[in-house]
Amino acid sequence: MAKETEPTSFSSREEREEIGRRTNAGFARVEKTEVEANAGGIPTGPVAQDLSEEEIRRRVGSGNFEAAKNDLQTGSINS
């Protein structure tokens, strides 16, 4: 079980502003990185093959496969 921690509070405005500046500087270091021109783009091809029912059953187990296949719950309206 995760250990619960007490919420951290920062007493002064200056301390909160300093933490914000350090956080923003960290994000800026990552966001402003340059990439070489020939480094290539984002891969857009397929990442995996379609799995057969037999392969899915092997990976998740027969009992889990059947339980998911025969699930009588209605899907979420927002999904």
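Fair warning: this is a prediction, and the values are worked out from it, not measured in the lab. (Residues numbered from 1 in each chain as written. Predicted model: local features only at pLDDT ≥ 70, side-chain atom pairs only at ≥ 80, totals over all residues. Heavy atoms only, no water.)

Chemist: How should I be thinking about the packing of helix 2 (residues 53–60) against helix 3 (residues 62–69) in this particular structure?
Modeler: Working note: a packed helix pair is described by the angle between its axes plus the distance between those axes. Two elements in contact, helix 2 and helix 3, have axes separated by 6 Å at closest approach and are oriented at 120°. For the pair helix 2 and helix 3, the contacting residues are Glu 53, Ile 56, Arg 57 and Val 60 in the first and Ser 62, Asn 64, Phe 65, Glu 66 and Lys 69 in the second. Of the residues in the contact of helix 2 with helix 3, the class split is 3 nonpolar, 2 polar and 4 charged. (Axes fitted to C-alpha atoms, helices over the stretch in contact; angles between N-to-C directions. Helix = DSSP H or I, 4+ residues; strand = E, 2+ residues; numbered from the N terminus. Contact = heavy atoms within 4.5 Å. Nonpolar A, V, L, I, M, F, W, Y, C, P; charged D, E, K, R; others polar.)

Chemist: Would you take a moment to explain the pattern of salt bridges for this structure?
Modeler: Pairing is possible between side chains of opposite charge, provided their charged atoms come close. Applying the stated criterion to the full structure yields 6 salt bridges. The partner of Arg 58 in a salt bridge is Glu 55, and the shortest N-O contact between them spans 2.6 Å. Taken together, the positions of Arg 58 and Glu 55, both in helix 2 and 3 residues apart, correspond to about one turn of that helix. Close ionic contact of Arg 59 with Glu 55 constitutes a salt bridge, the shortest N to O distance being 2.8 Å. (Salt bridge = Lys/Arg side-chain N within 4 Å of Asp/Glu carboxyl O.)

Chemist: It is not clear to me how the environment of Glu 54 should be interpreted in this structure. Could you clarify?
Modeler: Its place among the elements puts Glu 54 in helix 2. Relative accessible area serves as the criterion here: at 58%, Glu 54 is assigned to the exposed category. (Buried < 20%, exposed > 50% of the residue type's maximum accessible area, 1.4 Å probe, protein only.)

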